[in-house]
Amino acid sequence: MEPLAERLRPKTLDEYIGQAHLVGPGAVLRKMIDAGRISSFILWGPPGVGKTTLAHIIANKLETPFYMLSAVTSGVKDVRDVIQRAKSNTFFSQASPILFIDEIHRFSKSQQDSLLGAVEKGVVTLIGATTENPSFEVISPLLSRCQVYTLNPLEKEDLLILLKRAITTDVLLKERKIELKETTAILRYSGGDARKLLNILELVVESGTEETIVVTDEKVTDLLQQNPMAYDKDGEMHYDIISAFIKSIRGSDPDAAIYWLARMVEGGEDPAFIARRLVISASEDIGLANPNALLLANACFDAVMKIGWPEGRIPLAETTIYLATSPKSNSAYMAINDALQFVRDNGNQPVPLHLRNAPTKLMEQLGYGNNYKYAHDYKGHFVVQQFLPDKIKDKRLWNPQDNPAEQKIAERMKRLWGEDKKI
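Computed from a predicted structure; not experimentally measured.

Caption draft 1: Molecular detail of the sheet that holds strand β2 (residues 66-70). Spatially, the five strands line up as an open sheet ordered β2-β3-β4-β1-β5, and their pairing is parallel. On the outer flanks of this sheet lie β2 and β5 (147-150), each paired with one strand and no other. Across the sheet, the mean angle from the axis of one strand to that of its neighbour is 20°, orientation sign disregarded. Summarising the sheet, strand β3 (residues 98-102) and strand β4 (residues 125-130) pair through five bridges and their orientation is parallel. Within β4, the residue paired with F100 across the bridge is I127.

What follows is the structure in structure tokens.
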């Protein structure tokens, strides 16, 4: 028997839950679907919000051939084979065949390039699905030929409708007595993901032996805690574990940090996601106390991208331990946040004349660049002069913290600027 999420997959737009901004009455996609003609587009949104389902519904509504590829398992040859089959199934009287590519952000540049001609000539209508920002993951020539539509996590009301539909209409669940006594936990753990919601419901029902299955917050929490290997890559457990991972690094506990890393690796977390968070941690939590941390984190990211899985776990572990055992500083993080807030509160202050560029004669006559002192002309490659706008010339935004590296920097600043710099 298929999983509950598959059994309840909507077949029509009337059954489809959520995304009213796209498929509700008068919405942009609804109009195209009702008109019987759609252009290529990319659906961008978190897992379990209906991207694949919507593609199937569109194909059924348009009564056109539908081809589906997964970017995880398909190569350039698969793409070309599908395009060839689509050419033989194209008729003047109907819409172009639909090619649905799940996780299109995982397609390499060459794989995406192989789609361009077919999309441009209308051999296929491309529907891509991605959980990543298409601006960064999809090549520009392909992106320019597609509209991008954003799908949102399902709202609480949508999820409650889905729960009630499941227990009243599913071929198996409607034969059981199921009472939704409490729904806070099941909604929270689902994280706006319909598939996850139904998987949790199915887990609760399958674990119950009593005549009436009563869904409570305690029962849902206990069951999920008893299944830690069912790692939730996109919902609450995902965010809880990455939070514990980063806080363990910040707290200089290498044992805890490596444990949470192992939880993510064993649970199938995207290694690129882990590597990105290490780069952020190196800047935010270690920063100037050990600038080499950012270099190592960047090298780790590159290594993981080059060598893949499972060997990628090794540089991730090395970097995790290095960051956890490094001295900590968030002075750069605090400085940019304070500076941004200061700019928002005080507006754009004018650039002092001596710091301005003078590319034209008029600007030169107006005094642009006058009296600027070129630091390299002076002893030690430094000379005292004003760099902040006049009204805030004495404002301090970076404050060194109590670690050897930054104290050394602070001492140098005091030697250069004197006590007036207040560092």
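Caption draft 2: Fine view of the pattern of salt bridges. If you walk through the whole model with that rule in mind, you get 13 salt bridges. A salt bridge links R7 to E202; the shortest N-O distance between them is 3.8 Å. Of this pair, R7 sits in helix α1 (residues 4-7) while E202 is found in helix α11 (residues 194-207), placing the two residues 195 residues apart along the sequence. The exposure class assigned to R7 is buried, which follows from its relative accessible area of 16%. Two residues, D193 and K196, come together in a salt bridge whose shortest N-O distance is 3.6 Å.

Caption draft 3: Main features of the environment of L143. For L143, the position within the fold is in helix α8 (residues 140-143). Each C-alpha atom, one on L143 and one on S40, is 9.7 Å from the other, the two residues being 103 residues apart in sequence. Sequence-distant contacts of L143, that is, excluding residues within four places in its chain, are made with I42, P134, S135, V138 and V148.

Caption draft 4: Quick peek at unusual backbone geometry. A positive phi is found at Q19, a non-glycine position, where the angle reads about 55°. The backbone phi angle of H381 is positive, close to 55°, even though this residue is not glycine. With respect to the helices, strands and loops of the structure, H381 is situated in the loop between α19 (361-365) and α20 (404-417). Looking at H381, the relative accessible area reads 53%, which means it is exposed.

Caption draft 5: Here's a closer look at the packing of helix α15 (residues 271-286) against helix α16 (residues 292-307). With their axes 9 Å apart at the nearest point, α15 and α16 run at an angle of 175° to one another. For the element pair α15 / α16, the angle class is roughly antiparallel. From α15, P271, A272, A275, R276, L278, V279, A282, S283 and I286 reach across to α16, where they touch A293, L294, A297, N298, C300, F301, V304 and M305.

Caption draft 6: Layout of the nonpolar core. If you look at the biggest cluster of nonpolar residues, it comprises 28 residues, and the most contacted ones within it are I186, L201 and V220. Put simply, the parts of the chain that give this core at least two residues each are α1, α9 (156-169), α10 (184-190), α11, β7 (212-215) and α12 (217-225). When residues in this core are grouped by element, the largest group, seven residues, is from α11. Once you skip the residues sitting within four places of it in the chain, L201 turns out to touch L4, L163, A166, I167, L173, I186 and V215. Counting residues in each nonpolar core, the second largest holds 24 residues, with L13, I38, A55 and A95 among its members.

Conventions adopted
Residues numbered from 1 in each chain as written. Predicted model: local features only at pLDDT ≥ 70, side-chain atom pairs only at ≥ 80, totals over all residues. Heavy atoms only, no water. Pairing = 2+ DSSP bridges. Helix = DSSP H or I, 4+ residues; strand = E, 2+ residues; numbered from the N terminus. Axes fitted to C-alpha atoms, helices over the stretch in contact; angles between N-to-C directions. Salt bridge = Lys/Arg side-chain N within 4 Å of Asp/Glu carboxyl O. Buried < 20%, exposed > 50% of the residue type's maximum accessible area, 1.4 Å probe, protein only. Contact = heavy atoms within 4.5 Å. Parallel < 35°, antiparallel > 145°, perpendicular 65-115°, else oblique. Core = buried A, V, L, I, M, F, W, Y, C linked by side-chain atoms within 4.5 Å.

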